[in-house]
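The residues making up each chain are set out below.
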Amino acid sequence: MGNVPSAVKHCLSYQQLLREHLWIADSVPGALDPAQEASQLSGLPEYVKIVEVGPRDGLQNEKVIVPTDIKIEFINQLSQTGLSVIEVTSFVSSKWVPQMADHTEVMKGIQQYPGVRYPVLTPNLQGFHRAVAAGATEISVFGAASESFSKKNINCSIEESMEKFEEVVKSARHLNIPARGYVSCALGCPYEGSITPQKVTEVSKRLYGMGCYEISLGDTIGVGTPGSMRRMLESVIKEIPPTALAVHCHDTYGQALANILTALQMGINVVDSAVSGLGGCPYAKGASGNVATEDLIYMLNGLGLNTDVNLHKVMEAGDFICKAVNKTTNSKVAQASYNA
Amino acid sequence: MGLFGFIMQHPQLVTQADRSKSSASTSSVSTFPKRVKIVEVGPRDGLQNEKNIVPTSVKIRMIDMLSEAGLPVIEATSFVSPKWVPQMADHIEVLKGIQKFPGINYPVLTPNFKGFQAAVAAGAKEVSIFGAASELFTRKNINCSIDESLQRFDQVLKAAQAAGIPVRGYVSCVLGCPYEGKISPAKVAEVSKKMYSMGCYEISLGDTIGVGTPGIMKDMLSAVMHEVPVAALAVHCHDTYGQALANTLMALQNHKPKERITCSGISGSRQLGGLEGPALSALAPTVTALSPSFRLQMGVSVVDASVAGLGGCPYAQGASGNLATEDLVYMLEGLGIHTGVNFQKLLEAGTFICQALNRKTSSKVAQATCKL
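Quick caveat: nothing in here was measured; it's all calculated off a predicted structure. (Residues numbered from 1 in each chain as written. Chains lettered and ligands numbered in written order. Predicted model: local features only at pLDDT ≥ 70, side-chain atom pairs only at ≥ 80, totals over all residues. Heavy atoms only, no water.)

K.L.:
Honestly, the overall build of chain B in this entry has me stumped. Any pointers?
P.N.:
Across its full length, chain B carries 15 helices and 13 strands. With 372 residues in all, chain B has 58% of them scored as buried. Contacts in chain B between residues at least 24 apart in sequence constitute 75% of all its contacts with a sequence separation of at least 6. Put simply, chain B shows about 14,100 Å² of open surface, and 54% of that area lies on carbon and sulfur atoms. (Helix = DSSP H or I, 4+ residues; strand = E, 2+ residues; numbered from the N terminus. Buried < 20%, exposed > 50% of the residue type's maximum accessible area, 1.4 Å probe, protein only. Contact = heavy atoms within 4.5 Å. Areas by Shrake-Rupley, 256 points an atom, 1.4 Å probe, with all protein chains shown as cover.)

Laid out in structure tokens, this is it:
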């Protein structure tokens, strides 16, 4: 790049750049419709549903315990951004996940906006019953494509965990409560290393077969690359329609958006993310965790894909929670937009 | 086990994936190039945008370590006036001080003829010049129009040609400008074509403020590829908005055109209709022979990156800058694409320069693998 410093003062302020130009889809009067201007990449879905996992997956991996009222305010702010699915908490024993100890208060305390769904994690029947008592109307169960990970994480084999989930999902179906299935370690395991696409397919099929309406394939330690993402999805798509699949990419190795782009090109149109890229990786000290919702929206907007989500409002929610946990955002879009 | 240990024990996740699997696809044409040349710009573009001035000996050591890591091209410094870029004031000492590994090129930036002469005197065997796809950016930066800026380089190009010195051309603001906002792909193609025809052997297309997204990258490349052969193109993505790797991935991919194509190379004008997908790929060899308009949009195979993702963005305080070489290599290795880079040594070079700069790495791979 050339001689820069004297020129800096004269350029558009970043806020201006973001608002007035085409890569941020906001309804600013006079702004061009990004969907018309942005490139039409062939083969991509027109609409992408973002599943916001910040309040659960994100906060779960943050060291600072966030007070209940902050969690509730955080979720309420997210509810006003246009996000249609916000995973709010986990009905897991507080012994294992202290951050989620206030699951009942959070579930009862949030404002449930019309048109927004608030799934909660339920690792077992006990958790499920508590969740329902607290007003949950959607649940998630968490399997893994790795035996070692399953044993270390939830102290049972994949098969044993599936039996537990069958009970939960069956009970959920009785009450007309939709269940989402997660498959961890879809692109690699911290204990076993590489995971075969066949194993991921087997576990996904099991969860789908027992009644989960959607399977979220998680690159738990973020080791995946577009090549391994493609191979894994090619295998799973043979058994489960792409419309019932989601990708949940961690950005531990900076690969998340490239992996998500690959998934979109293969017909996946549901993507999990966490505002501000909350959550570290418990397997790599200092490493980052979830892909940041802001950065994801930025890419989707630029691609001309519809998300119904207001990026500015998401950034505000991100700013709020980062101040609350006293950390700098992991979102590059947020870093670029707010002066350091 | 620590993640670093895990990575070393499971090299399949970090080094080459099974090539036959990764390059296979349902069509008869592979999706990615087999090899990618990485142009390491950390010592120049990276350091140039770092606040802390790095001593000459540290710069030299950094470049030597990058050479040991096997990077084929390392942009060593910039022969620019120290008044403008104090970080590059020691350009002569750096160029003279580094070890010149055989098989590795060490281009230097030469903003004008004076800089070019000084560079040659200091032993430069390759130089770079830069233009921009934005009139306003050029005006604000160097106080002239794009055409005038290119005219100024004419002298450099002629002298370089006479001396047998290859010249690389940079085009800034290819996906957006901090002053003009949106930049038309046609403008990028026009400037690239000019620089290529003036004698630049390679054109590096830079998303200077990192605002681009994959679709816009693809459109820009489509336009440029009509004017400059893809083998002479490189992408230089900044990660200011976290889009660099996704944009780079898009640039690497081969794309099948979706428009209706006309067979103009043979008698008459026959419509081949909306051929897509496997049908089109099956025809690929025949199609390619008929007319350039049939050709698949082949992917770019030269990518610029900066070790540790060095360099901030001067247009956005606190924002990040270049794509981190470590994160790029991680992706390429995972795709089974050959880079020639020793990943371990690359990580060491990144650790070294970050310690010297007293800053944390911007590479996610480095963050995940190095103990804090």
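K.L.:
Whenever I open this one, the pairing of strand E6 (residues 179–184) of chain A confuses me. Can you help?
P.N.:
A regular strand places its side chains so that they alternate between the two faces of the sheet. Residue and element names in this part refer to chain A. Most of E6 is tucked away: 6 of the 6 residues are buried. Burial of the side chains of E6 extends over both faces: Ala179, Gly181 and Val183 are buried on one face and Arg180, Tyr182 and Ser184 on the other. As paired strands, E6 and strand E7 (residues 214–219) are joined by 4 bridges and run parallel to one another. Bridge pairing links Tyr182 to Ser216 in E7. The parallel pair E6 and E7 is bridged by helix H10 (residues 197–209), and the resulting crossover is right-handed. (Pairing = 2+ DSSP bridges. Right-handed = clockwise from strand over helix to strand, strands pointing away.)

K.L.:
What is the right way to look at helix H7 (residues 125–133) of chain A in this model?
P.N.:
An α-helical turn contains 3.6 residues, so a residue and the one three or four places further along point in the same direction. All names here are of chain A. Within H7, the full set of buried residues consists of Gly127, Phe128 and Ala131. Seen end-on, H7 carries its buried residues on one side only, within an arc spanning 100°. Exposed and oriented more than 90 degrees from the buried face of H7 are Gln126 and Ala133. Buried residues belonging to H7 abut strand E4 (120–121), strand E5 (139–144) and helix H9 (158–174). The first or second residue beyond H7 is Gly135, which carries a positive phi of 105°. (Arc of directions from axis to C-beta.)

K.L.:
It is not clear to me how the sheet that holds strand E6 (residues 167–172) of chain B should be interpreted in this structure. Could you clarify?
P.N.:
The pairing of strands in a sheet comes from backbone hydrogen bonds and takes either a parallel or an antiparallel form. The strand order E2-E1-E11-E8-E7-E6-E5-E4-E3 (chain B) describes an open sheet built from 9 strands, whose pairing is parallel. Strands at the two margins of the open sheet, each flanked by one partner only, are strand E2 (73–74) and strand E3 (77–78) of chain B.

K.L.:
What's the story with the sheet that holds E5(A) in this structure? I'm lost.
P.N.:
Residue and element names in this part refer to chain A. In space, the 9 strands of this open sheet follow the order E2-E1-E9-E8-E7-E6-E5-E4-E3, with parallel pairing throughout. Only two strands of the sheet have a single neighbouring strand rather than two, namely strand E2 (85–86) and strand E3 (89–90). Of the strands in this sheet, E5, E6 and E7 touch H10, which is tilted by about 165° from E6. (Axes fitted to C-alpha atoms, helices over the stretch in contact; angles between N-to-C directions.)

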